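An overview of the molecular structure
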Amino acid sequence: MIVRRDETGDLLLQSAPDFVLDALQQAADLCESDDPAIRSSLIQDPYEDEKENEQWRRLVGDDLLHLFESRSEIVRTDLGAAALESSKAEEALDDVTWEVRVPIQHLSAWQETLNGASHALFAKYELTGEDTENALALVASPEKLLAVQQIRIYSILLHVLLEAEGYGDPDDIGGPEDFDSPDFDPSESESDE
Amino acid sequence: MDLKRLINGPWASVRPALASEESESPGTETLEVTKTKVAKPWKVIVHDDPITPMSYVSKILQEQFGYSQSKDERLMLQVHHTGRAVVWTGARETAEVHVQKLHRKHLRSTLESGE
């Protein structure tokens with residue numbers, strides 16, 4: 001798959017194979033899913049107290065769901081406009097590739113949908129951090145293995161879309177020892193606004 | 001019939017006596033102490049998770065809180081290495097707004113009452 005920016009600033013995902021397009025369609029669907037595991041993953045509980053969490057869900061739950069649906073719709077519309085690149089679609093299905101245009105104004109909706117879909121899959125298949133790092137351990141569970149691969153596709157695309165905005169991961173992310181340094185003061189992270 | 005009780009209602013007997021009503025013994029002073037309780041600040045905490053890219057965390061923190069790049073990176077690394085970071089503290093209502101915005105972006109985040 002090739003990613004490039006056109007003269008308008010929009011991103012073009014080119015040579016995207018069929019399975020990537022399918023995965024992207026599913027990303028939009030996952031963020032709207034009413035699967036209880038997915039719902040509780042996407043509508044998080046911010047408090048330790050369950051009564052406060054209930055009230056929170058009552059107050060903000062619908063707002064969040066509408067937002068997720070709206071973003072999914074944006075992604076779905078962009079995918080609906082994807083252009084078929086291969087002219088041999090009917091002869092060699094394996095060669096089918098697509099060009100997807102991500103308008104610059106839709107970039108955030110795409111990023112948030114991809115991140116939300118990863119969380120949804122993680123919750124739905126009860127994955128762990130180890131599963132995502134060592135997918136081969138999941139060979140005995142094809143559904144989980146597929147979910148991990150799908151999360152990887154979302155992760156790669158999310159990185160690409162973030163880099164397009166200048167948010168690449170740092171090459172050297174340091175180590176835990178950095179936090180023992182007297183230069184690092186976690187309290188600096190607190191502000192009064 | 002307790003006329004005073006009828007006029008003032010049943011709470012009359014529990015209403016604290018005003019300083020002027022009190023029968024003070026000569027040479028006794030009444031001190032009134034007013035205490036103002038300051039609301040404890042609330043913390044907005046971002047948690048690490050195995051799937052959200054660090055660059056995404058970085059972007060959201062920059063956009064939402066307007067932190068400098070160096071502060072933003074330190075917070076992001078703190079989340080990554082220690083599992084969590086306090087990204088904001090202050091009034092509860094504002095903290096709730098911040099957490100809701102983070103939840104909109106699917107960033108794992110919670111609220112804690114400061115001690």
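Definitions and cut-offs
- Residues numbered from 1 in each chain as written.
- Chains lettered and ligands numbered in written order.
- Predicted model: local features only at pLDDT ≥ 70, side-chain atom pairs only at ≥ 80, totals over all residues.
- Heavy atoms only, no water.
- Axes fitted to C-alpha atoms, helices over the stretch in contact; angles between N-to-C directions.
- Helix = DSSP H or I, 4+ residues; strand = E, 2+ residues; numbered from the N terminus.
- Parallel < 35°, antiparallel > 145°, perpendicular 65-115°, else oblique.
- Left-handed = near helix turned anticlockwise from the far one by under 90°.
- Contact = heavy atoms within 4.5 Å.
- Buried < 20%, exposed > 50% of the residue type's maximum accessible area, 1.4 Å probe, protein only.
- Polar contact = N/O pair within 3.5 Å; in protein donor to acceptor, adjacent residues only side chain to side chain.
- pLDDT = per-residue confidence, 0-100.
- Pairing = 2+ DSSP bridges.

Now for the packing of helix 6 (residues 142-164) of chain A against helix 2 (residues 54-65) of chain B. Relative orientation of the contacting elements helix 6 of chain A and helix 2 of chain B amounts to 45°, with a least axis distance of 9 Å. Between helix 6 of chain A and helix 2 of chain B, the angle is such that the two are oblique. Relative to helix 2 of chain B, the crossing made by helix 6 of chain A is left-handed. Each of L158, H159 and L162 of chain A in helix 6 of chain A lies in contact with helix 2 of chain B, whose residues at this interface are S55, Y56 and K59 of chain B.

Structurally, D45 of chain A is set in the loop between helix 2 (36-42) and helix 3 (50-80). Overall, D45 of chain A belongs to the partly exposed group, its relative accessible area being 32%. Separated by 44 residues in sequence, D45 of chain A and M1 of chain A have C-alpha atoms that sit 37 Å apart. What D45 of chain A contacts, discounting residues up to four positions off in sequence, is E50, N53 and R57 of chain A together with T110 of chain B. Here R57 of chain A takes part through its side chain, which lies 2.6 Å from a polar atom of the side chain of D45 of chain A.

With that out of the way, let us pick up the confidence of the model for chain B. Residues and elements named next belong to chain B. Of all residues in chain B, 77% have pLDDT values of 70 or greater, and the mean over the chain is 81. Low pLDDT, under 50, characterises residues 5-19; the predicted model gives this stretch seven contacts beyond four residues in sequence or across chains. Interface confidence in the predicted complex, given as ipTM, is 0.82; pTM for the same model is 0.78.

Residue and element names in this part refer to chain B. The strand order across the open sheet built from three strands is 2-1-3, with neighbouring strands paired in antiparallel fashion. In this open sheet, the two edge strands, each paired with only one partner strand, are strand 2 (84-90) and strand 3 (109-113). Going from strand to strand, the sheet's axes swing by 30° on average, the running direction of each strand aside. Sheet analysis places strand 1 (residues 42-47) next to strand 2, joined by six bridges and oriented antiparallel. Its bridge partner lying in strand 2, W42 is registered against G90.

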